[in-house]
Amino acid sequence: MLILTLESSCDETSAAVIKDGRVLSNAVASQIPIHARYGGVVPELASRNHIRDIHPVIDQAIAGAGITLEQIDGYAVTCGPGLVGSLLVGVETAKGLAFAYDRPCVGLNHLEGHLTTVLLDLDEVDSPEFPYIGMIVSGGHTDIYIVHALGQYTLLGRTRDDAAGEAFDKVAKMLGIPYPGGAEIDRLAANGNPKAIKFPRPMAHHDNLDFSFSGLKTAVMQYTEAHGMPADDAALADLCASFQQAVVDVLLLKVMRAAKTHGIPRIVLSGGVACNRQLRKELREAGERDGVEVFIAPASLCTDNAAMLGAVAAHYLGQVDLDHFSAHDLKARGNMPLGESLRNPARVHN
Ligand code: ATP
Ligand code: MG
Ligand code: FE
C-alpha cells in the first residue's frame, strides 16, 4: 500500500511517501529562518508559508519516491494538536487530493506520530515490541506514556508547565542564541563542563512521573543576573552544558522509573529534543546498565516531519470502511487528545 502523509502542525511543511512501513521519501520545508527573527513561531506567517510550500513539498515527495499521485492508495494528515491555521493547510490539501483521486484519507494526531516513528521499518533502529514506555520530549510536550498497541495509550506523567524543548528554546533566547536554540545549546554544551554550575533538578524527588521546567529556566535567569552573562565562549559552554545536564538528568530519572515501576523494559524516545546528543547517549547507557532496551529514531525523524506518521497512517487506513467513508468533514483541531486519530467524530459519514 502506498500512502502519502502530510504534516503542517507548526513550522515545518512536510510530505512523505510510505510503502509497507518503509519510507520512500520524506520532504521537509522548514520555516525556521522565517520565524527566527521574531524569536518564535508567528502563527499567521506560518500559515501563509505552509500554503506556499505544501504543493512543492508534495511534488518533491512524489518525485523522490519515483511514483505518480495516481498510484497513492490512501492519504493521512495531521489534524492536531498544533496551530489551527497551520493544520488547516495540510488538512484541506489532503482532503482535496483524497477527493480528486477518490482515495481514503485519515486524520492523525501529531503526538501519535512522534510516539510511533520507530515502528516504521528503519535501517538505523529496530522496532520495539508492545508494550513500551514512550516519552515525547518536544517543543510543546514532555509526556510519558505506556504504548500498549497502536491506538492504545496510557498517560503516566507530563510536564506541569514548560515543555523540555520550550525550556531549551527559552534559555537559548536568554543567552542571545537564535530561535529555536535547542540544537545550538546541544552544540555549545559539547565543549562545556556539565558540573560547572549547580542547577536544580526539578521534581526529581517527587515520587511521580511528572516534570516541571519553568523553575529551571528561572534558575538560569537568576544565575545570569547574579554573575552576568557568560564572558567568553568557555563560560557560555559551561552554562549550556550545566543547564542541559539538569534537563537530561530529570528526563532520564523519570523515564527509567516509568520502565521499572510498570515492569516494561523497553523505552522509546521521540520528539525534537530526542535529537539531543547527551540525552541519546545517556539513555542508551542507562538502558544498558539496567537491562532496558532503548529505541530512538534518527534525528531527522525526531523533529517534525511527515514520515513519522507512516506507522499510524497504515494502521488507521487499514481500519477504514471504504463504503462508509468520506474525508469531507475532517477538521483541524488545535487541541486533540492522544488516541483520537480514528475517533475524530467528523471523520466518517453514515
Ligand atoms: P509538539 O511536538 O509538542 O507539538 P513541536 O512539534 O513544535 O512540538 P518538535 O518539532 O517535535 O516540536 O521539536 C522541536 C523542539 O526540539 C524545539 O524546542 C527544539 O529546540 C528542540 N530541539 C531540536 N534539536 C534539539 C537538540 N539537539 N537538543 C535539544 N533540543 C532540541
Ligand atoms: Mg518545529
Ligand atoms: Fe512535534
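Residues numbered from 1 in each chain as written. Chains lettered and ligands numbered in written order. Predicted model: local features only at pLDDT ≥ 70, side-chain atom pairs only at ≥ 80, totals over all residues.

A. Molecular detail of the UniProt feature "binding site: substrate" (unreviewed entry) in the chain. Summarizing the sequence annotation, UniProt attributes the feature "binding site: substrate" (unreviewed entry) to Ile-136, Val-137, Ser-138, Gly-139, Gly-140, Asp-169, Gly-182, Asp-186 and Asn-276 in the numbering used throughout. Following the sequence through the fold, Ile-136 ends up in strand E6 (residues 132–137). One can find Asn-276 in the loop between strand E9 (266–270) and helix H9 (277–290). (UniProt positions renumbered as here; feature names shortened; annotations may be inferred. Helix = DSSP H or I, 4+ residues; strand = E, 2+ residues; numbered from the N terminus.)

B. Expanded view of the packing of helix H8 (residues 233–261) against H9. Put simply, H8 and H9 touch, their axes get as near as 10 Å, and they point 35° apart. Along this stretch, H8 crosses H9, giving a crossing that reads as right-handed. Between H8 and H9, the residues in contact are Gln-244, Val-248, Leu-251, Leu-252 and Met-256 and Gln-278, Leu-279, Glu-282, Leu-283, Ala-286 and Asp-290, respectively. Here the contact of H8 with H9 is composed, by residue class, of seven nonpolar, two polar and two charged. (Axes fitted to C-alpha atoms, helices over the stretch in contact; angles between N-to-C directions. Left-handed = near helix turned anticlockwise from the far one by under 90°. Contact = placed C-beta atoms within 7 Å. Nonpolar A, V, L, I, M, F, W, Y, C, P; charged D, E, K, R; others polar.)

C. Geometry of the domain arrangement of the chain. Along its sequence, the chain is organised into domain 1 (2–116 + 302–349) and domain 2 (128–296). When each unit is reduced to the centre of its C-alpha atoms, the spacing between domain 1 and domain 2 is 27 Å. Those elements that place two or more of their residues in the side of domain 1 that touches domain 2 are helix H1 (32–36), helix H4 (110–116) and helix H10 (310–319). Ranked by residue count, the leading element in the side of domain 1 that touches domain 2 is H4, at four residues. The residue inventory of the side of domain 1 that touches domain 2, partitioned by class, reads nine nonpolar, nine polar and no charged. (Domains from an automatic or database assignment.)

D. Broad picture of the nonpolar core. Ala-61, Ala-76, Ile-267 and Ala-313 are the most contacted members of the largest nonpolar core, which totals 106 residues. Structurally, this core is a two-domain feature, drawing no fewer than three residues from each of domain 1 (2–116 + 302–349) and domain 2 (128–296). Here Ala-313 is in contact with Ile-3, Thr-5, Ile-18, Ala-76, Val-106 and Leu-108, once residues within four sequence places are set aside. (Core = buried A, V, L, I, M, F, W, Y, C linked by C-beta atoms within 7 Å. Buried ≥ 20, exposed ≤ 12 C-beta atoms within 10 Å, placed from the backbone.)

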